[in-house]
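Coordinate inspection notes
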Amino acid sequence: MPLTDDIAAEVGNPPSGFCEGALSLPVRGVKEGREFAAQDWVADEVPVALEFNGVSHAVMLATPLNLEEFALGFSLSEGVLDAPHELFAVEEERCEMGITLHLQVASRPFARLKARRRTLAGRTGCGLCGTESLEHVARILPVSGERPPWNRKAIGRAMSQFCELQTLQQATGAVHAAAWCSADGDVLWLREDVGRHNALDKLIGALALHGVDASTGFIAVTSRASFEMVQKSATAGVSLLAAVSAPTSFAVATAERARMTLVGFARRQDLVVYCHADRLALDAIHGGGRAL
């Protein structure tokens, strides 16, 4: 039977309608002692292959949304392309096994790509699978210039907006989000995906496609701050990355190199600053509470 409105609210998914990026599947279960049979939203996840000028380069497990943005963002954040104009076209080909994105790129980045001979496969963890040497791990990153300090309250404001804007997460409970926020903490661009790296790449691609100067705002993510999340954010030109969970030591070291303020455990008005705290005005409350 379909989910009634009251059970749907308890399970956390809509009983009917359409959710882009999700599949409606039959489920059975028990909620607070009540047995139910229902339709539930499940996040869509498919293999997405990226080919550059006919040469296979990477296969990612991703949510099949915003794929042109994903193609551009991945190309920029991975150092395949130096600028958006080097991507001429993206052609999407779907088959039973998954999706292939055929990217046509300029000759110079393609020659560089072939020289690297780098192959990636289904990266979901460390982010270094297929890297051939240590010199390919830590690329030269842009270094953030001087700017007025960020305000802690802006980070709290952005995090408070996250939940209501994550429509796919609300429906499925299975995806990450990456958002670009104004200096005041308004979430202006947000992308979701089953993979945290993919969500960030989609965001970076969206900003590049629409000519947004990413350096004027900051990036917030619902995941931990891994090395690669820091590297991708630095490549996009932002000087502040705020994550819901913790960073790793390599992520902190990478943020130090890029002069990026790295924030972890950003939840409501709480946060922990791991490097370049001088570029963030904490404006903490002293007295009754404990300031960071």
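This structure is a prediction, so every number in the text was calculated from the model and none was measured.

Rules behind the numbers
- Residues numbered from 1 in each chain as written.
- Predicted model: local features only at pLDDT ≥ 70, side-chain atom pairs only at ≥ 80, totals over all residues.
- Heavy atoms only, no water.
- Axes fitted to C-alpha atoms, helices over the stretch in contact; angles between N-to-C directions.
- Helix = DSSP H or I, 4+ residues; strand = E, 2+ residues; numbered from the N terminus.
- Parallel < 35°, antiparallel > 145°, perpendicular 65-115°, else oblique.
- Contact = heavy atoms within 4.5 Å.
- Nonpolar A, V, L, I, M, F, W, Y, C, P; charged D, E, K, R; others polar.
- Buried < 20%, exposed > 50% of the residue type's maximum accessible area, 1.4 Å probe, protein only.
- Pairing = 2+ DSSP bridges.

1. Structural notes on the packing of helix H7 (residues 227–236) against helix H8 (residues 249–257)
Their axes nearest at 7 Å, the elements H7 and H8 cross at an angle of 20°. The angle between H7 and H8 falls in the class roughly parallel. The segment H7 lies against H8, with Phe 227, Val 230 and Gln 231 engaging Phe 250, Ala 251, Thr 254 and Ala 255. Among the residues making up the contact of H7 with H8, the classes are represented as 5 nonpolar, 2 polar and no charged.

2. Some points on unusual backbone geometry
One non-glycine residue, Asn 53, lies in positive phi territory at about 50°. Non-glycine residue His 276 carries a positive phi angle of around 55°. Residue placement: His 276 occurs in the loop between strand E14 (270–275) and strand E15 (280–281). Residue classification places His 276 among the buried residues on the basis of a relative accessible area of 17%.

3. Thoughts on the sheet that holds strand E12 (residues 240–243)
The mixed open sheet is built from 6 strands, whose spatial order is E10-E9-E11-E12-E13-E14. Only two strands of the sheet have a single neighbouring strand rather than two, namely strand E10 (187–193) and E14. The mean inter-strand angle of the sheet, taken between neighbouring strand axes irrespective of direction, is 20°. In terms of strand pairing, strand E9 (residues 176–181) meets E10 through 6 bridges, oriented antiparallel. Bridge pairing in E10 links Cys 181 to Val 187. In this fold helix H6 (residues 196–209) packs onto E9, E10 and strand E11 (218–221), with an angle of close to 140° to the strand it touches most, E10.

4. Let's talk about the packing of helix H2 (residues 67–77) against H6
Two numbers describe how H2 lies on H6: the axes approach to 6 Å, and their chain directions differ by 95°. In terms of orientation, H2 lies roughly perpendicular with respect to H6. In contact with Glu 68, Glu 69, Phe 70, Leu 72, Gly 73, Phe 74, Leu 76 and Ser 77 of H2, H6 contributes Asn 198, Asp 201, Lys 202, Ile 204, Gly 205, Ala 206, Ala 208 and Leu 209. Looking at side-chain class alone, the contact of H2 with H6 contains 8 nonpolar, 4 polar and 4 charged residues.

All quantities given are derived from atomic positions and should not be read as evidence of function.
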